[in-house]
Amino acid sequence: MKNWIFRATGIMLLNSFFLLATAQSDIYEIRIYSLKSAAQADATDLYLKDVWLPAMHRMGIKNIGVFKPISNDTARIKQIVLLIPYISMDVWRKSKTSINGDQNYQDNAKTFLDADTANLPFVRVSSTLLQAFEYQPKITPTTLKSNPDAVYELRSYESPTEQLHRTKVEMFNEGGEIILFKRLDFQAIFYGDVISGSKMPNLEYMVVFNDTLSRNAHWKAFGNSPEWKSISVDPKYRNNISVNHIDSYLMHRTSYSDL
């Protein structure tokens, strides 16, 4: 009976993913503001919360995530991390010109955009563009948004060659990693294939947990699951050598984040 329920659940999950795979995949931008002081962090927070985010909403761009690494308070260089979804590359391009034509934005953003060089609001801004995976083509908001202790984990997997990167992307989609994350309630916000950025070939994704203890328990369950043990030794995936570098960033959402 238990085996039948497990198989039936797996079939339902597969069917839902096949339906999702037919949808148009979003484009994601991961934008990171690097800051060297609390004053810069305050200025950038104020700009993002009161000026930039409302302007993006006026353009119809929703479900924007704004996060800060948990280590921010003690870090020499602080960061604010944005996750911005666009329904297409065309919308991404148009957003750059549309926001410049928004007079409300231009009036209120002036002190940030044209800051005095003695009081610069940030050190630098980096941007990475990604194409959503076919098995999760859209942002999926978490049910943990109201939890102040929720841990948002942004993970980055670099591969040594393009072919091994494609193998790792397939491992997530057809190989079953996304389905396994779903079964274990990892609450994945997005999965994306980097199409432009400083680290390539690369994929990134974001998962959410109740707290740090929950995160550790989820990853332990993942490593011990029969599905992962099967996937990780499958010769098709070259015993998981398709990744040569992994970065993990643990973050909390800001009070004004959509996600």
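All residue numbers here refer to positions counted from 1 along the written sequence of the relevant chain. In keeping with the predicted nature of the model, local features appear solely for residues at pLDDT of at least 70, side-chain atom pairs appear and are counted solely at 80 or more, and the whole-chain, interface and lining totals rest on all residues. Side-chain measures here rest on the full set of heavy atoms in the structure, leaving out hydrogens and waters.

Here a salt bridge means any side-chain nitrogen of Lys or Arg lying within 4 Å of a carboxyl oxygen belonging to Asp or Glu. Applying the stated criterion across every chain yields a total of 16 salt bridges. A salt bridge links K49 to D50, with the shortest nitrogen-to-oxygen separation between them at 3.3 Å. Residue K49 is classed as partly exposed on the basis of its relative accessible area of 42%. The buried label goes to any residue with under 20% of its type's maximum accessible area, the exposed label to any with over 50%, and the partly exposed label to all in between, with areas taken from a 1.4 Å probe on protein chains only. Judged by its relative accessible area of 43%, D50 is partly exposed. In this structure, R93 and D90 form a salt bridge, with 3.7 Å as the shortest nitrogen-oxygen distance. Taken together, the positions of R93 and D90, both in helix α3 (residues 89-100) and three residues apart, correspond to about one turn of that helix. Several salt bridges converge on common partners, so that one network encompasses E29, R31 and K96. Only DSSP runs of H or I with at least four residues qualify as helices, and only runs of E with at least two residues qualify as strands; both kinds are numbered from the N terminus onward.

What pLDDT conveys is the predictor's confidence in a given residue, as a value from 0 to 100. Summary statistics for the chain give a mean pLDDT of 91 and a share of 90% for residues scoring 70 or more. Any two residues having at least one pair of non-hydrogen atoms within 4.5 Å are treated as being in contact. Predicted confidence is poor over residues 1-9, with pLDDT under 50, and the contacts of this stretch with residues over four places away or in other chains come to two contacts. Ignoring residues within four places in sequence, the model shows residues 16-21, a span with pLDDT below 50, making 10 contacts including any to other chains.

Let us now look at the environment of K94. Here K94 lies in helix α3. Of the residues examined, K94 reaches a relative accessible area of 48% and is grouped as partly exposed.

Attention now moves to the pairing of strand β7 (residues 202-209). β7 sits mainly inside the fold: eight of its eight residues count as buried. Going residue by residue along β7, you find N202, E204, M206 and V208 tucked away on one face and L203, Y205, V207 and F209 tucked away on the opposite face as well. Paired strands are those between which DSSP finds at least two bridges. By the bridge criterion, five bridges tie strand β6 (residues 188-196) to β7 in an arrangement that is antiparallel. Its bridge partner being in β7, A188 is matched across the sheet by V207.

By the bridge criterion, eight bridges tie strand β1 (residues 27-35) to strand β4 (residues 124-132) in an arrangement that is antiparallel. Across the sheet, Y28 pairs through a bridge with L130, a residue of β4. Pairing geometry for β4 and β6, over four bridges, is antiparallel. Following the sheet pairing, A132 is matched in β6 by G192.

Turning to the environment of F222, a few remarks are in order. Mapping F222 onto the fold places it in helix α7 (residues 212-224). For the pair formed by F222 and R183, sequence separation is 39 residues and the distance between their alpha carbons is 9.8 Å.

Stacked, edge-to-face and tilted labels apply to pairs of Phe, Tyr and Trp rings (six-membered ring for Trp) whose centres lie within 6.5 Å, assigned for plane angles under 30 degrees, over 60, and everything in between, in that order. Scanning the model with the defined rule gives 25 aromatic pairs in all. Seen in terms of ring centroids, F172 and Y191 are 5.8 Å apart; in terms of plane orientation they differ by 55 degrees. Their pairing is tilted. Here F172, found in helix α5 (residues 162-172), pairs with Y191, found in strand β6; they are 19 residues apart in sequence, far enough to count as distant. Taking 5.0 Å as the distance between ring centres and 80 degrees as the angle between the ring planes, the aromatic pair formed by F186 and W219 counts as edge-to-face.

Next up on the list: the side chain of Q136. One can find Q136 in the loop between β4 and β5 (151-158). Here Q136 is in contact with Y28, A188, I189, F190 and Y191, once residues within four sequence places are set aside.

Think of a nonpolar core as a cluster: buried Ala, Val, Leu, Ile, Met, Phe, Trp, Tyr and Cys residues, connected wherever their side-chain atoms sit within 4.5 Å. Formed by 24 residues in total, the largest nonpolar core has its most connected members in Y47, L48 and W52. Put simply, the parts of the chain that give this core at least two residues each are β1, α2 (38-58), β3 (78-86) and α4 (103-113). By residue number, the principal contributor to this core is α2, which donates eight residues. In this structure, W52 is in contact with R31, Y47, I64, L82, I84, I99 and Y105, ignoring residues within four places of it in sequence. Residues M171, Y205, F209 and W219 belong to the second largest nonpolar core, which totals 23 residues.

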